[in-house]
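# Commentary on secondary and tertiary structure
Here are the chains, one letter per residue:
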Amino acid sequence: MTAALQRVWGAYVRITARWPAIASVVPFIPLVVMWWAVVEAGVFPRVFLPGPADVVRSFADLVYKGILPDYLHDSMVRLAVGAFWGIALGIPLGILIGMSQLAHRALWPLLLFFQAIGDIAWLPILVIWFGYGLATMTFVIVYTVIFPVVLNTVLGVRSIPINMHRAALSLGASRLRILWEVVLPGALPNIVTGLRNGLGYGWRALIAAEIIVGTSGIGFLMFDARRAGSVVEILLGMIILGILWYIVDSWILAPIERATGQRWGLVTR
Amino acid sequence: MRLMHQLSSALLFVAPFGVLIALWAVLVPYFNVNPRLFPHLTAVIQAAVEGTCDGSLVGHIGASLLRVVVGTVLALIAAIPLGIAMGVSPVVSGFLTPPLRFLSVLAGIAWIPIATLWFGYGFGAITFIIFNAVFFIVTYNTLLGVSTIPLAVRNAAASLGAGRWSMLTEVLLPGALPNVVTGIRTGLGFAWRGLIAAEMIATNAGLGYMLFVARDFYRTEVIVLGMIVIGVLWLIIDRLVLAPLERATIERWGMVQPA
C-alpha cells in the first residue's frame, strides 16, 4: 500500500518538475472529489449545495445563452479602464510626493485617511452623484487601485540612494533625465508591487460594486442568482472569479513583478 | 525638547486636515452646493451630535465592531492550528498552496451572495463573511511562515531532544508568528471592506447599513459622517493596533538577517 502510494507520489513529483503548471491544477482534484462526495452523501439539501456536475452544466448553459461571455467582458473592461486611470494618475502623484518634501507634508496624511475610508464606503454617495453606471464603477476601481500604487511609488522613490541622484547630477544630468533614468527605473519594482496589490483590491471592489449597484458583470450574476435562490450560479460565479484572478495574478502580474525586480531591482550588496 | 518635536510633527500631520476642513466650510456655502449632492460641514457636525445623543451612531459602531471581533477571533482559533499542521510537512504544504491561494482570493466579498442564502440576512451571514476573509489568508500565511523556517533550526531543536510540544511552542509558533501577524493585518483589511459591503446588503444595523439607508433619503450628511467614522475607525485599528503589533513581532521573533 505504502509502496504503491510512494510510487504514485514519485511520478507526480517528476511530472510536476517538468511541467510546473500541472502542480497548480492537480491539488484541486481532491477538493472537487470531496465536494462531490459531500453532495452525494446528502449531508446538505441539494438546493443548498449543488454538486460539481450541476455547476458545469450551468456553465455550459450560460455560455450557450451568451450571458456569461457578455458579463465576463463587462467585468474585465471595467477592471481594465479603472486600472488604466489608477496607474495613469497614481504614478505621477507618487513621484511628486516622493520627490517633493512639501507635497509629502501636505498630502501624505490625507492619503492615509482617504485610503482608510475604503472604496465600498464611497458607493452610496457615488450612486447619488453618478447614478448606477460605468462612472460609479470606474470611480470605485480607480479609487482602490490608486492608493497602493501611490504609496508604493513613494516608497520606491524614497528608497533610491541619494548618491545615485548625486552621481547623475555631477555627471551633468538635467532634472528630466534624472526623472527618466534614475527615479523611474529605481522606483519601478515598487511600482509594480503596488500595482499588483492595487489590482487585488480593485478586483474585490469591482465585485462589491457589481453586487450593490450592478446591472451586469460577474458580481451581478451572483447577486441576481441569489435573488432567484439559485446556488448553482452563485458557486459558478465564485469559481470563475477565483480562476480569473488566479490567472491574472500568477500568470501575468507575478512574472512582471519578478522580471522588473530582476532587471531594475536595487540589489543591495 | 523631544516633546516639542513630537508636538510639532503631530501638528504638521494634522495641518492638511485643517486646510481641507476649512476649504469644505468655505467652498460649499460659497458655491451654494445642493445639500442633496454634498452636505455642509455644519450639517455633518449636527448629524454627529444627534447620532451620539440618541445613541444610534454608537449602536451602529458597536454592531460593526462586535461582528469584526467575533468573526476574527473564530477565524484565528481555526486558522493558526490548521496552518501549522499543514506547514510542518513541506510535501503537504506544497500540495495545498494552490487551493488555499484560490480560496483566499475569493475571501470576503465574493461570499456575500451565498452567505446570505445559507444563513439568511443577519449576524450569521456577516460573521461568516468576516470569518472567511480572515481564515483563508491567515491559514495561507501561517503555512508559509512555518515552511520558511529553516530546516536546520528544526533539526537542531530535534537533536537537542525537543519533544513535539516544545517543538511547537518554541520553534514552529515563534518562527511563523511574523507571517501570522502579517496575515492577520491583510485579512482584517479585507474583512473590514467585506463588513461594510455585507452590511449594506444584509442587516438592519451597522455602519454600512447606516450609509445605505441614508442614501435612500438623500441624507448626504449622514453618508459623509459614516465615511469619516469608517475611515477614522480603520486608521485606529490599523495604525494603533495592527501596525505596532506587526512591528513588535517582527523585531522580537523575525529572522533578522545580519547586514
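Fair warning: this is a prediction, and the values are worked out from it, not measured in the lab.

### Observations concerning the overall build of chain B
Helix and strand content of chain B: 10 helices and 0 strands. Ordered by position from the N terminus, the helices and strands of chain B form the series α-α-α-α-α-α-α-α-α-α. Taking 259 residues into account, the globule formula puts the C-alpha radius of gyration at 18 Å, and chain B, at 23 Å, lies well above it. Projected onto its principal axes, the C-alpha positions of chain B cover 75 × 60 × 30 Å. A total of 259 residues make up chain B; the buried ones form 39% of that total. Restricting the contact set of chain B to residue pairs at least 6 apart, pairs at least 24 apart contribute 76%.

### Some remarks on the interface of chain B and chain A
Facing the 44 residues of chain B at the interface are 39 residues of chain A. At the level of elements, helix H1 (2–30), helix H4 (90–106), helix H5 (112–119), helix H8 (164–202), helix H9 (207–216) and helix H10 (220–253) of chain B are the ones that each hand at least two residues to the side of chain B that touches chain A. Of the residues belonging to the side of chain B that touches chain A, the class tally is 35 nonpolar, 5 polar and 4 charged.

### A look at the nonpolar core
With 123 residues, the main nonpolar core has Ile-129 and Val-134 of chain B as its most contacted residues. Each residue touching Ile-129 of chain B, except ones within four places of it in the same chain, is listed here: Gly-108, Trp-111, Ile-112, Ala-115, Gly-194 and Ala-198 of chain B.

### Some words on the packing of helix H11 (residues 218–228) of chain A against H5 of chain B
Between two packed helices, the angle of one axis relative to the other and the distance separating the axes together describe the packing. With their axes 9 Å apart at the nearest point, H11 of chain A and H5 of chain B run at an angle of 15° to one another. Here H11 of chain A is positioned roughly parallel relative to H5 of chain B, judged by the angle of their axes. Crossing geometry of H11 of chain A relative to H5 of chain B is assigned as left-handed. Judged by residue contacts, Met-222, Phe-223, Ala-225 and Arg-226 of chain A of H11 of chain A engage Pro-113, Thr-116 and Leu-117 of chain B from H5 of chain B. Counted by class, the contact of H11 of chain A with H5 of chain B contains 5 nonpolar, 1 polar and 1 charged residues.

### Description of unusual backbone geometry
Residue and element names in this part refer to chain B. Notably, Tyr-218 is not glycine yet its phi reads approximately 55°, a positive angle. Its place among the elements puts Tyr-218 in the loop between H9 and H10. Residue classification places Tyr-218 among the partly exposed residues on the basis of 13 C-beta atoms within 10 Å.

Thresholds, definitions, all that
Residues numbered from 1 in each chain as written. Chains lettered and ligands numbered in written order. Predicted model: local features only at pLDDT ≥ 70, side-chain atom pairs only at ≥ 80, totals over all residues. Helix = DSSP H or I, 4+ residues; strand = E, 2+ residues; numbered from the N terminus. Rg over C-alpha atoms; globule rule 2.2 N^0.38 Å. Buried ≥ 20, exposed ≤ 12 C-beta atoms within 10 Å, placed from the backbone. Contact = placed C-beta atoms within 7 Å. Nonpolar A, V, L, I, M, F, W, Y, C, P; charged D, E, K, R; others polar. Core = buried A, V, L, I, M, F, W, Y, C linked by C-beta atoms within 7 Å. Axes fitted to C-alpha atoms, helices over the stretch in contact; angles between N-to-C directions. Parallel < 35°, antiparallel > 145°, perpendicular 65-115°, else oblique. Left-handed = near helix turned anticlockwise from the far one by under 90°.

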